[in-house]
Amino acid sequence: MIIIMLGAQGTGKGTVAGIISEQTNWPQISTGDIFRKNISEKTELGIEANKYMSKGNLVPDEITIPMVADRLSQEDAKQGAILDGFPRNIKQAQKLDEILKDMGKQVDLVVNLSTPREEIIDRMLTRVVCSNPDCKTTYNTKLHPPKVEGVCDKCGAPLKQREDDSNSEAINRRLEIYENQTAPLVEYYKEKGVLRTETVSVSINRMGKDVAQDIIQLVKKGE
Ligand code: AMP
């Protein structure tokens, strides 16, 4: 089963994807995490991707699409995968459909996480991530802080703020790109009949972990 997590920055896509991944054993494929790992390892891909990421721009499709195609073809993604941060525009979505078709698969479910706009910026500013690239657990210093300030509960590595979360120009650029290029995917997947919209909000007291449980129930029913 191929699941896509859709939603603006800070809505909890990674958190929901991580919970679903743990309970299904399907890999969470986060393009942002793959790029960040490459940046920390100073690979050629990382150096190239960072030119775009640090400014809040999308990494070009010519780099991103083959990277995802390769990841989806790996053994652990045979039964299913949760895509987190991909696709980000219509071209990526169309290419993904082609890639999956060639594999005899399709997009089965798109979980669209919707969060009030005023909460989104606050969520980016209060997000901290584990600096260990093999752990990369995400916390929110207001909503779900670590037990010890600045230290990852899971692996003990220091927590840090993402570079693109601490730069207001990059934040604004990412939100602009989301509105112009990514949000149209809601309609794209609605027309295909695979979209499920979930509101994640402090104001209505509905958090990512509740959404994840609902999705897992749905997945189990569909199996
Ligand atoms: P994320 O962790 O999903 O917020 O992604 C962080 C950054 O990685 C984005 O702002 C982009 O620069 C880059 N990125 C992640 N996914 C994609 C994608 N599907 N296409 C292009 N760039 C991406």
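Refer to the structure printed above.
Keep in mind the model is a prediction, meaning the values are calculated, not measured.

J.: Would you explain the packing of helix H1 (residues 13-24) against helix H9 (residues 208-222) in this entry?
T.: How two helices pack is summed up by the angle between their axes together with the distance between the axes. Closest axis-to-axis distance for the H1/H9 pair is 9 Å, and the angle between their directions is 40°. Relative to H9, the element H1 lies oblique. Judged by the sense of rotation from one axis to the other, the crossing of H1 with H9 is right-handed. Here Val-16, Ile-19, Ile-20, Gln-23 and Thr-24 of H1 come into contact with H9, specifically with Gly-208, Lys-209, Val-211, Ala-212, Gln-213, Ile-215, Ile-216 and Val-219. Tallied by class, the residues present in the contact of H1 with H9 amount to eight nonpolar, four polar and one charged.

J.: Which parts of the structure should I look at to understand the packing of aromatic side chains?
T.: The geometry of an aromatic ring pair is captured by two quantities: the separation of the ring centres and the angle between the planes. Per the stated rule, a full pass over the model turns up one aromatic pair. Ring geometry for Tyr-188 and Tyr-189: centres 5.0 Å apart, planes at 90°, overall edge-to-face. By the burial criterion, Tyr-188 is buried, and Tyr-189 matches it.

J.: When you look at the sheet that holds strand S2 (residues 28-30) in this model, what are you seeing that I'm missing?
T.: Strand pairing in a sheet relies on backbone hydrogen bonds, with the paired strands running either antiparallel or parallel. Strand order across the open sheet formed by five strands is S2-S3-S1-S4-S8, with parallel pairing between neighbours. Only two strands of the sheet have a single partner each, and these edge strands are S2 and strand S8 (195-199). Neighbour-to-neighbour, the strand axes of this sheet turn through a mean angle of 20°, independent of strand direction. Here S2 pairs with strand S3 (residues 81-84) via three bridges, running parallel. Considered in S3, the bridge of Ile-29 is made with Leu-83. Against the sheet, H9 touches strand S1 (2-7), strand S4 (107-114) and S8, its axis set at about 155° to S8.

J.: Just checking my understanding: could you explain the sheet that holds strand S5 (residues 127-130) for this structure?
T.: In space, the three strands of this open sheet follow the order S6-S5-S7, with antiparallel pairing throughout. The sheet is open, and its two borders are formed by strand S6 (138-140) and strand S7 (159-160), each paired with just one other strand. Here S5 runs beside S7; their pairing, made up of two bridges, is antiparallel. Bridge pairing in S7 places Val-129 opposite Lys-160.

J.: Is there a simple way to explain the pattern of salt bridges in this structure?
T.: Where charged atoms of side chains with opposite charge meet at close range, the side chains can pair. This model, assessed by the stated rule, comprises 20 salt bridges. The residue Arg-174 makes a salt bridge to Asp-164 at a minimum N-O spacing of 3.6 Å. Note that Arg-174 is positioned in helix H7 (residues 168-182) and Asp-164 in the loop between S7 and H7, a separation of ten residues in sequence. Assigned by exposure class, Arg-174 and Asp-164 land together as buried. Among the charged side chains, a salt-bridge network with shared partners connects Arg-127, Arg-162, Asp-164, Asp-165 and Arg-174.

J.: Before we go on, may I ask you to explain helix H5 (residues 90-102) in this structure?
T.: Turn by turn, an α-helix covers 3.6 residues, leaving residues three or four places apart pointing in a common direction. With 13 residues, H5 extends 19 Å between its outermost C-alpha atoms, agreeing within 8% with the 18 Å of an ideal straight helix rising 1.5 Å per residue. What H5 keeps buried is the set Gln-92, Ala-93, Leu-96, Ile-99 and Leu-100. Down the axis of H5, the sector holding all buried residues measures 120°, keeping them to one side. Exposed side chains of H5 directed beyond 90 degrees from the buried face belong to Lys-101 and Asp-102. At its buried positions, H5 is contacted by S1, helix H4 (61-72), S3, S4 and helix H8 (184-191).

Definitions and limits used
Residue positions are counted from 1 within each chain, in the order its sequence is given. Totals for whole chains, interfaces and linings use all residues, but because this is a predicted model, local features are given only for residues with pLDDT of at least 70 and pairs of side-chain atoms are given and counted only at 80 or more. Excluding hydrogens and water, the side-chain figures rest on all heavy atoms present in the structure. Fitted lines through C-alpha atoms give the axes, limited to the stretch in contact for helices. The angle between two N-to-C directions lies from 0 to 180 degrees. In this description a helix means any DSSP run of H or I spanning at least four residues, a strand means any run of E spanning at least two, and both kinds are numbered starting from the N terminus. Any angle from 65 to 115 degrees is called roughly perpendicular, while one under 35 is roughly parallel, one over 145 is roughly antiparallel, and all others are oblique. The crossing is said to be left-handed when, going from far helix to near helix, the turn is anticlockwise and less than a right angle, and right-handed when the turn is clockwise. Any pair of residues with heavy atoms lying within 4.5 Å of one another is described as a contacting pair. Here the term charged refers only to Asp, Glu, Lys and Arg, the term nonpolar to Ala, Val, Leu, Ile, Met, Phe, Trp, Tyr, Cys and Pro, and the term polar to all other amino acids, Gly among them. Two rings from Phe, Tyr or Trp (for Trp, the six-membered ring) form a pair when their centres are within 6.5 Å of each other. A pair whose planes differ by under 30 degrees is stacked, one over 60 is edge-to-face, and the rest are tilted. The classification of residues rests on relative accessible area computed with a 1.4 Å probe and restricted to protein chains. Under 20% of the type maximum is buried, over 50% is exposed, and intermediate values are partly exposed. Strand pairing follows a simple DSSP-based rule, namely that at least 2 bridges must link the two strands. Here a salt bridge means any side-chain nitrogen of Lys or Arg lying within 4 Å of a carboxyl oxygen belonging to Asp or Glu. Each residue after the first adds 1.5 Å to the expected span of a helix. As used here, the arc is the angular range of directions from the helix axis to the C-beta atoms.

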